[in-house]
Amino acid sequence: MYEVLERETLAPGLVLLRIRAPQVALKAKPGQFIIVRADEFAERIPLSLADWDEESVTVIVQDVGVSTRKLCALTRGDLIFNLAGPLGASSRIEKCGTVAVVSGCFGSGPGYALAKALKEAGSRVIYIVEARNRDWAFWLDRIEGVSDRLTVTCNDGSAEAHNATGPLQQILRSERIDRVYAIGCTFMMMEISKATEPFGIPTRVSLMPLMVDGTGMCGACRCSVGGEVKFGCVDGPEFDGHKVDWSLLIERMRSYLEDEMMALDLWERENWHRALERKKALH
Ligand SMILES: Cc1cc2nc3c(=O)[nH]c(=O)nc-3n(C[C@H](O)[C@H](O)[C@H](O)COP(=O)(O)OP(=O)(O)OC[C@H]3O[C@@H](n4cnc5c(N)ncnc54)[C@H](O)[C@@H]3O)c2cc1C
Ligand code: FES
């Protein structure tokens, strides 16, 4: 069992969990993820490592279905049934001239870990956050601390730009960028890859195919990259964004949408009281 040491609501539907897991923290590297089961009946779900110290790992959970909702419903002191990791190939961290890191949704957590490592390796880091609204633009102080320049964009129009694509294209036109990283929702990563392709700039994306075991055995996370079959959990999750077959990825991610919606509906009906319990526990 893995204890929740800290829980923070960053925005509605976006929760930070710091979990006691010293063995995982010891080996954690930027770009890697863990697989978590909230309770003994829960699905195994992958979550990217956003931060870690000697005793714990931090993840940012975006509430999209039953398993993420179960995790978001936890409070400090609660126990997580199962946690495995670190999994996946880590990002290549090296001094690389100027890099642009683009993150959205939960991605500003792992994006921060990546930017921090790239900065420490001697790269110049330009960071663009794409948030739904100002509430979803979290960890800006941390990100600012590891970036040479930070731009925040908001889908609701509350910042100068609605999304990261325009500001990134402007930067690409005005200065040399050696590599671009994108992490967050699949649509954003696809758009960023399309935007950088005409400039020929290497673009690394952290894919989120459906996963089950996370160790290369089940094939659930199969993706097509450059016409080759790749397993997101062991060959990735980071891949060349210009080579990803995005339509196939999105089609496969939507395979169980109806079942997922029904599962969430049923869980909500059975567990409505948890929201009240959590509120009480927080006060
Ligand atoms: C390597 C990796 C790292 C990830 N890191 C994070 C993270 O740091 N924070 C975060 O909030 N989410 C992350 N995800 C996505 C997260 O795993 C899914 O949102 C979660 O599994 C959904 O489970 P659910 O039961 O809550 O929702 P479901 O009801 O199962 O699904 C709701 C939606 O989530 C998508 N989804 C479902 N299962 C998965 C899955 N196993 N992997 C990817 N997408 C899925 C579905 O396409 C659907 O659109 C990551 C996924 C991968 C593969
Ligand atoms: S999750 Fe099973 S092979 Fe990748």
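Worth saying up front: this structure is predicted, and the values here are computed from it rather than measured.

Caption draft 1: The overall build of the protein chain, seen in detail. Assigned secondary structure in the protein chain consists of 8 helices and 16 strands. For the protein chain, the C-alpha radius of gyration of 18 Å lies close to 19 Å, the compact-globule estimate for 283 residues. Taking the principal axes of the C-alpha coordinates as reference, the protein chain spans close to 55 × 40 × 40 Å. Counting only residues that meet the buried cut, the protein chain has 44% of its 283 residues in that class. Relative to all contacts within the protein chain whose residues are 6 or more apart in sequence, the contacts with residues 24 or more apart total 65%.

Caption draft 2: Looking closely at unusual backbone geometry. Looking along the chain, the bond that leaves G85 and enters P86 is cis, with omega of 0°. Within the secondary structure, P86 is located in strand β8 (residues 82-87). Phi is positive for C105, close to 50°, though the residue is something other than glycine. The topology assignment puts C105 in the loop between β9 (98-104) and α3 (108-120). Its identity is not glycine, yet W139 carries a phi of approximately 60°, on the positive side. When you line up the elements, W139 lands in the loop between β10 (124-131) and α4 (140-145).

Caption draft 3: Focus on the site of ligand 1. Residues in contact with ligand 1 amount to 26 residues; listed here are only the nearest, Q62, G65, S67, T68 and E260. Taken together, the elements giving at least two residues each to the shell around ligand 1 come down to β4 (45-48), β6 (56-62), α2 (66-72) and α8 (257-282). Residue classes in the shell around ligand 1 are distributed as 17 nonpolar, 6 polar and 3 charged.

Caption draft 4: Here's a closer look at the sheet that holds β4. Taken in spatial order, the 3 strands make up an open sheet running β4-β3-β8, and their pairing is antiparallel. Strands at the two margins of the open sheet, each flanked by one partner only, are β4 and β8. Taking each pair of neighbouring strands and ignoring which way they run, the sheet shows an average axis angle of 25°. One ladder, built from 4 bridges, connects strand β3 (residues 33-37) with β4; its direction is antiparallel. Bridge pairing in β4 links F33 to S48.

Caption draft 5: Quick peek at the sheet that holds strand β16 (residues 238-240). Reading across from one edge, β11-β10-β9-β12-β13-β16 is the order of the 6 strands in this open sheet, with mixed pairing throughout. Both edges of this open sheet fall to β11 (149-154) and β16, since each of them pairs with a single strand only. For this sheet the average axis-to-axis angle between neighbouring strands, irrespective of direction, equals 20°. Pairing between β10 and β11: 6 bridges, direction parallel. Residue pairing across strands places I128 opposite T151, the latter belonging to β11. Together, β9, β10, β12 (179-183) and β13 (203-206) form the strand contacts of α3, whose direction differs from that of β9 by roughly 165°.

Caption draft 6: Representation of the environment of V24. Mapped onto the elements, V24 comes out in helix α1 (residues 22-27). As for V24 and P86, which are separated by 62 residues in sequence, their C-alpha atoms are 5.7 Å apart. For V24, the contacting residues outside a window of four places in its chain are I34, V57, L83, G85 and P86.

Caption draft 7: Region of the structure containing α3. End to end, α3 covers 18 Å across 13 residues, agreeing with the expected 18 Å (1.5 Å per residue, within 8%). What α3 keeps buried is the set S108, G109, P110, G111, Y112, A113, L114, A115 and L118. Within two residues after α3, G122 carries a phi angle of roughly 105°, on the positive side.

Caption draft 8: Layout of the domain arrangement of the protein chain. Along its sequence, the protein chain is organised into domain 1 (2-88 + 257-282) and domain 2 (91-206). For domain 1 and domain 2, the distance between their C-alpha centres works out to 25 Å. Every contact between the two is made by 14 residues of domain 1 and, on the other side, 14 residues of domain 2. When contributions to the side of domain 1 that touches domain 2 are tallied by element, the ones reaching two or more residues are β1 (2-11) and β6. For the side of domain 1 that touches domain 2, the element with the most residues is β6, which contributes 4 residues. Of the residues belonging to the side of domain 1 that touches domain 2, the class tally is 10 nonpolar, 3 polar and 1 charged.

Here is what the cut-offs are and how they apply
- Residues numbered from 1 in each chain as written.
- Chains lettered and ligands numbered in written order.
- Predicted model: local features only at pLDDT ≥ 70, side-chain atom pairs only at ≥ 80, totals over all residues.
- Helix = DSSP H or I, 4+ residues; strand = E, 2+ residues; numbered from the N terminus.
- Rg over C-alpha atoms; globule rule 2.2 N^0.38 Å.
- Buried ≥ 20, exposed ≤ 12 C-beta atoms within 10 Å, placed from the backbone.
- Contact = placed C-beta atoms within 7 Å.
- Near = placed C-beta within 6 Å.
- Nonpolar A, V, L, I, M, F, W, Y, C, P; charged D, E, K, R; others polar.
- Pairing = 2+ DSSP bridges.
- Axes fitted to C-alpha atoms, helices over the stretch in contact; angles between N-to-C directions.
- Expected span 1.5 Å × (residues − 1).
- Domains from an automatic or database assignment.

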